[in-house]
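Residue-level structural notes
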Amino acid sequence: MADAVGLIGGGVIGGGWAARFAIGGHDVRLYDPAPDAAATVVAALENARRAHRRLTLAPLPAEGSVTVVGTLEEAVEGVAFVQESAPEREELKRSLLAAASRAAGPDVIVASSTSGLLPTRLQADMEHPERFAVGHPFNPVYLLPLVEVCGGERTAPATLERAAERYRRLGMRPLVVRREVDAFVADRLLEALWREALWLVADDVATVEEVDDAIRFGAGLRWACMGPFLTYRIAGGPAGMRHFLEQFGPALALPWTRLTEVPELTDELLDKIVAQSDAQAGGRSLHELERLRDDCLVSIIQGLRVHDFGAGAVLAGYERALFAAAPAAAAAADDEAPLRLHSAVVAPEWIDYNGHAHESRYLQVFGDATDALLRHVGLDLDAGSSYFTVETHLSHLGQARAEERLHVTTQLLGHDEKRLHVFHALHRTDDEALLATAEQMLLHVNTRADRVAPAPPELLERIARIARSHAALPRPERAGRAIGSAR
Ligand SMILES: NC(=O)c1ccc[n+]([C@@H]2O[C@H](COP(=O)([O-])OP(=O)(O)OC[C@H]3O[C@@H](n4cnc5c(N)ncnc54)[C@H](O)[C@@H]3O)[C@@H](O)[C@H]2O)c1
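Residues numbered from 1 in each chain as written. Predicted model: local features only at pLDDT ≥ 70, side-chain atom pairs only at ≥ 80, totals over all residues. Heavy atoms only, no water.

**Focus: the nonpolar core**
A general tendency of soluble globular proteins is for nonpolar side chains to be buried together. Among the nonpolar cores identified, the biggest contains 35 residues, and Leu7, Trp17, Phe21, Val28 and Tyr167 are the most heavily contacted of them. Tallying contributions element by element places helix α1 (residues 12–23) first for this core, with six residues. Sequence-distant contacts of Phe21, defined by excluding residues within four places in its chain, comprise Val5, Leu7, His26, Val28, Phe81 and Leu170. Core analysis: the next-biggest nonpolar cluster, separate from the first, contains 25 residues, Ile8, Tyr31, Ala75 and Val82 among them. (Core = buried A, V, L, I, M, F, W, Y, C linked by side-chain atoms within 4.5 Å. Buried < 20%, exposed > 50% of the residue type's maximum accessible area, 1.4 Å probe, protein only. Helix = DSSP H or I, 4+ residues; strand = E, 2+ residues; numbered from the N terminus. Contact = heavy atoms within 4.5 Å.)

Here it is, written out as structure tokens:
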């Protein structure tokens, strides 16, 4: 079990931190005076578990506990890390951070989720202010990897490194801000966009939905993998960034945007935005919108993982670390009957026009399950030993939909020195529903001689051991089936 963390504030962001830390294996103690704090945290944790079930098959550590406590001191005494996510009011944050610094150990890092307050001011009343850093996350904290790390004048450089390392171990992407500045990097960019969005609605150039569409059908898709600089380098064509700057530089002087002018949030403008926003939501609840957002984010991050790029590269790195930390979890015992060696998540690109996984994907999952079996029995491809599938009979019994978790159970029906006869059953993990079965006959091939040959004795010994424990299993109902004739 990883060390315990103390959280101050359990709203949108504090709840997200509680979920990210608990899923990362940390016990969490959280202080928030609101009577509904525990409910907020439970809701965030449920969303986060659901998202992570879809996001990764890597062996996450055992989930930590989350305890809502009655005082700030109870939350931070004896913990290894403190994260404050109270309302964005400087005097409140200063007093909470000072109290936390008195109650937590002297070298425990105390971080603040502030979106824009200056760290030098936030650390002013703290004991040992050198261990203070801003750790500015993005909503939903349990899914988005970015966290901006920024120190104040009295922050020790080692604090920034330690905080960044802790966030990295949670699967996040810390971005250390080089110089203390209001609102750091991301929110300065977001605020420029947000101010302009409000003007476009206030001036009746676009509705709230049209502004959102202008982002999500265009630049927003690009932003998941490329920020403005890489985007414009490509837009500059073969001559790259220099050409882009020379071509579009003069346009920057045109008064396209309202810069720091702020639209007055009159009652009229507020009513207009709220009414348009309600219409845009189309009756969907906050809960539904959160899950829609999370599902889309999971799909995007998984898509990026295929390219080992952007947030997908962060996920891939996190998964490698999780697998390295839990090598034993992958090994199943020989006497497990049937064997459960392979799991998968239905990737969005597997889905066909009927809304469920394309039939070829079932064979892919069963093929992967066979590979897992062969790895399990110790097949050594480098020694020229392999099994080739010579026949498969597949039965489709249910539908697998996007991002559902699947697992395959495998029963050995028979074997001799050259043949391996297996029966796989594909289950939906959440409710154990049987979705498909596949019966396969495999032949052992000596790949150096390129012909069927007896398997090496050590392989046969392992297979025989599994066969003995599977002998007691009933023969699957669908084993030995052929396609029923229509006549
Ligand atoms: N919402 C975002 O998108 C976002 C993103 C990044 C960072 N932040 C920052 O995170 C912080 C929290 O924002 P939020 O959106 O979660 O706000 P929120 O209003 O959802 O949550 C704030 C929580 O703090 C609690 N609180 C109030 N007084 C407290 C006290 N004395 N001690 C402990 N807890 C107290 C409240 O009960 C509430 O649950 C802010 O600094 C904000 O700038 C917000």
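**A look at the packing of helix α12 (residues 286–306) against helix α13 (residues 310–325)**
Between α12 and α13, the least distance of the axes is 7 Å, while the angle of their chain directions is 80°. What the angle tells us is that α12 and α13 run roughly perpendicular. Between α12 and α13, the residues in contact are Ile301, Leu304 and Arg305 and Ala311, Gly312, Leu315, Ala316 and Glu319, respectively. The residue inventory of the contact of α12 with α13, partitioned by class, reads five nonpolar, one polar and two charged. (Axes fitted to C-alpha atoms, helices over the stretch in contact; angles between N-to-C directions. Parallel < 35°, antiparallel > 145°, perpendicular 65-115°, else oblique. Nonpolar A, V, L, I, M, F, W, Y, C, P; charged D, E, K, R; others polar.)

**Some details on α13**
Helical geometry note: an α-helix holds 3.6 residues per turn, so side chains three or four residues apart project in the same direction. Between its first and last C-alpha atoms α13 spans 23 Å; for 16 residues at 1.5 Å apiece the expected length is 22 Å, and the two agree. When we look at burial in α13, the residues that qualify are Ala311, Gly312, Val314, Leu315, Ala316, Tyr318, Glu319 and Leu322. (Expected span 1.5 Å × (residues − 1).)

**Focus on the site of the ligand**
Near the ligand lie 23 residues; those nearest to it are Ile13, Asp32, Glu88, Lys93 and Ser115. A distance of 3.4 Å separates an oxygen atom of the ligand from a polar atom in the backbone of Gly11. The backbone of Ile13 places a nitrogen or oxygen atom 2.8 Å from an oxygen atom of the ligand. Elements with a minimum of two residues in the shell around the ligand: α1, α4 (90–103) and β6 (132–137). Tallied by class, the residues present in the shell around the ligand amount to eleven nonpolar, nine polar and three charged. (Near = heavy atom within 4 Å. Polar contact = N/O pair within 3.5 Å; in protein donor to acceptor, adjacent residues only side chain to side chain.)

**A few points about the packing of helix α7 (residues 186–202) against helix α8 (residues 208–223)**
Contact geometry for α7 and α8: axes closest at 9 Å, N-to-C directions at 145°. Remark: the crossing between α7 and α8 carries right-handed chirality. Together, Leu193, Ala197, Leu200 and Val201 of α7 and Val208, Val211, Ile215 and Trp223 of α8 make up the contact between the two elements. Per-class residue counts for the contact of α7 with α8 are eight nonpolar, no polar and no charged. (Left-handed = near helix turned anticlockwise from the far one by under 90°.)

**Comments concerning a negative patch on the surface**
There is a patch of like negative charges on the surface, built from Asp380, Asp382, Glu458 and Glu461. In this fold, Asp382 is placed in the loop between α14 (359–376) and β10 (385–396). The exposure class of Asp382 is exposed, given its relative accessible area of 69%. (Patch = residues over 30% accessible without salt bridge, like charges linked within 9 Å, V, L, I, M, F, W, Y side chains within 5 Å. Areas by Shrake-Rupley, 256 points an atom, 1.4 Å probe, with all protein chains shown as cover. Salt bridge = Lys/Arg side-chain N within 4 Å of Asp/Glu carboxyl O. Lys, Arg positive; Asp, Glu negative; His and termini not counted. Charge placed at Lys NZ, Arg CZ, Asp CG, Glu CD.)

**Topic: the side chain of Thr410**
In this structure, Thr410 sits in strand β11 (residues 405–415). Within the local environment of Thr410, its side chain forms a polar contact with the side chain of His424, the two groups lying 2.8 Å apart. Once residues lying within four places of it in the same chain are set aside, the contact partners of Thr410 are Pro338, Leu339, Leu373, Phe423, His424 and His470.

**Here's the deal with the pairing of strand β8 (residues 173–176)**
Here strand β7 (residues 146–150) runs beside β8; their pairing, made up of four bridges, is parallel. Across the sheet, residue Val147 finds its bridge partner in β8, namely Pro174. As a crossover connection, the stretch from β7 through helix α6 (residues 157–169) into β8 is right-handed. (Pairing = 2+ DSSP bridges. Right-handed = clockwise from strand over helix to strand, strands pointing away.)

**Let's talk about the packing of aromatic side chains**
The tally for this structure, following the rule as stated, stands at six aromatic pairs. Ring centres of Phe244 and Phe248 lie 4.8 Å apart, and the angle between their planes is 40°; on these two criteria the pair is classed as tilted. Residue Phe244 and its partner Phe248 are located together in helix α10 (residues 240–248), separated by four residues, close to a single helical turn. A relative accessible area of 12% means that Phe244 is categorised as buried. (Phe/Tyr/Trp six-rings, centres within 6.5 Å; stacked < 30°, edge-to-face > 60°.)

**Observations concerning the domain arrangement of the chain**
Segmenting the chain into domains produces domain 1 (5–184), domain 2 (187–283) and domain 3 (333–470). Here domain 1 and domain 3 have C-alpha centroids that lie 44 Å from each other. Each partner contributes to the interface: domain 1 provides four residues, whereas domain 3 provides seven residues. With both sides pooled, the region where domain 1 packs onto domain 3 buries about 520 Å², and carbon together with sulfur makes up 55% of that total. Broken down residue by residue, the surface that domain 1 buries against domain 3 is led by Arg53, Arg54 and Leu57, which jointly contribute 97%. Applying the counting rule to domain 1 against domain 3 returns two salt bridges. Two residues, Glu403 and Arg54, come together in a salt bridge whose shortest N-O distance is 3.6 Å. (Domains from an automatic or database assignment. Buried area = accessible area lost by both parts, 1.4 Å probe.)

**A short note on the sheet that holds β6**
Strands sit in the order β3-β2-β1-β4-β5-β6-β7-β8 across an open sheet of eight strands; the sheet is mixed. Edge positions in the sheet fall to β3 (66–69) and β8, since each has one partner strand and no second. Strand-to-strand, the axes of this sheet are offset by a mean angle of 25°, without reference to chain direction. Relative to strand β4 (residues 81–84), strand β1 (residues 2–8) runs parallel, the two sharing four bridges. From the neighbouring strand, Leu7 faces β4, where its bridge partner is Gln83. Each of β1, β4, β5 (109–112) and β6 touches α4; the most contacted strand, β5, lies at about 165° to it.

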